[in-house]
Every structure is written in C-alpha cells, then in structure tokens.
Amino acid sequence: MMRAGLLAAAVLALASPARAAPASGTTAAMACSGHGSHGVTIQSCSFTLEPSPAGNPNYFVTVTLRYSAPNPAMAVRFRCALGDGNSAVSQYGVLRQSGGHLTFVSPFAKSVVRSIDCFVDAT
C-alpha cells in the first residue's frame, strides 16, 4: 500500500507543470529619472534588478516608464543611461504604450546599477 502511495505521488509530481522558483535576487523597485521631449512627457520611471537564470545577481535591469504622448499608440524610443556610480552606459529600447517595461542586461560585470536616467530619443 505504501508503494502505491509513493508511486501515485511520483506520477502527480511528474504530471504537474513545473513552476519557476521566485527570483531570490529581485529587489524592490527603485526610482529613476526621466526626461521628456518630442511631445512625450515622462510621468514616472522605476527599475528593478533581477538575477540571471544562471544565478548571476543583478543581471537584468527592468525599467518601467509611465508617460503621455500625443498618440497613445505611437512608438517611443528611449535612451536610458545605466550608472554604477563611476560610469554610465546608454542602452536603447522602444515602447508602444505607457507602463511598459524595457529589459536590459547590466553592462557592469563587477558592480551594480545604482541609477538610471531615461530620455525620449525619438517618436
């Protein structure tokens, strides 16, 4: 009887969809600065740092931008300068709606992104 119970548990475990463990390195959202132009106004900017699937901490940088544009469905290209306190590296991304996320790989191998400054680059 015990073997049947163990076998049933094993079958259920294999049949259940795999669930990813929550990212242990995820940090709370931090504020960043945003500068509008081209008729686009940035209302808020925040970012989080998340580990890579291989466990490298602070690998992914996810920037969330809330903005208003003359046409809410238009594509807006952003240039975001990621800084570690010593230098800054610009990365580009396009959003088609406010509240969207830009995800970058951190350009810093031995330090952590501490600040982000996003600019509207083009519409």
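Definitions and cut-offs
- Residues numbered from 1 in each chain as written.
- Predicted model: local features only at pLDDT ≥ 70, side-chain atom pairs only at ≥ 80, totals over all residues.
- Heavy atoms only, no water.
- Pairing = 2+ DSSP bridges.
- Helix = DSSP H or I, 4+ residues; strand = E, 2+ residues; numbered from the N terminus.
- Phe/Tyr/Trp six-rings, centres within 6.5 Å; stacked < 30°, edge-to-face > 60°.
- Buried < 20%, exposed > 50% of the residue type's maximum accessible area, 1.4 Å probe, protein only.
- Salt bridge = Lys/Arg side-chain N within 4 Å of Asp/Glu carboxyl O.

K.L.:
Can you help me understand the sheet that holds strand S4 (residues 60–68) in this one?
P.N.:
Across a sheet, strands are paired by hydrogen bonds formed along the backbone, either parallel or antiparallel in direction. With antiparallel pairing, 4 strands are arranged side by side in an open sheet as S1-S3-S4-S7. Because the sheet does not close on itself, it has two edges, and the strands there are strand S1 (30–31) and strand S7 (101–105). Judged from the 5 bridges that link them, S4 and S7 form a sheet pairing that is antiparallel. Bridged to Val61 within S7 is Phe104.

K.L.:
How do you make sense of the environment of Ala109 when you look at a structure like this?
P.N.:
Here Ala109 shows up in the loop between S7 and strand S8 (115–122). In sequence terms Ala109 and Asn58 are 51 residues apart; their C-alpha atoms lie 9.7 Å from each other.

K.L.:
Just to check I follow, could you spell out the packing of aromatic side chains for this structure?
P.N.:
Two aromatic rings, taken as a pair, are described by how far apart their centres are and by the angle between their planes. Evaluation of the coordinates by the stated rule reveals 2 aromatic pairs. An angle of 90° between the planes, with centres 4.9 Å apart, marks the rings of Tyr59 and Phe60 as edge-to-face. The class for Tyr59 is partly exposed, based on a relative accessible area of 31%.

K.L.:
Would you mind showing me how to read the pattern of salt bridges here?
P.N.:
As a working rule, side chains carrying opposite charge can pair if their charged atoms are close by. Scanning all chains against the criterion turns up 1 salt bridge. One salt bridge connects Arg77 with Asp121, and the closest N-O pair in it is separated by 2.4 Å. In this pair, Arg77 sits in strand S5 (residues 76–83) while Asp121 sits in strand S8, placing the two residues 44 residues apart along the sequence. Taking the relative accessible area as the measure of exposure, Arg77 reaches 38% and is therefore partly exposed.

What is shown is where atoms sit, not what they do.
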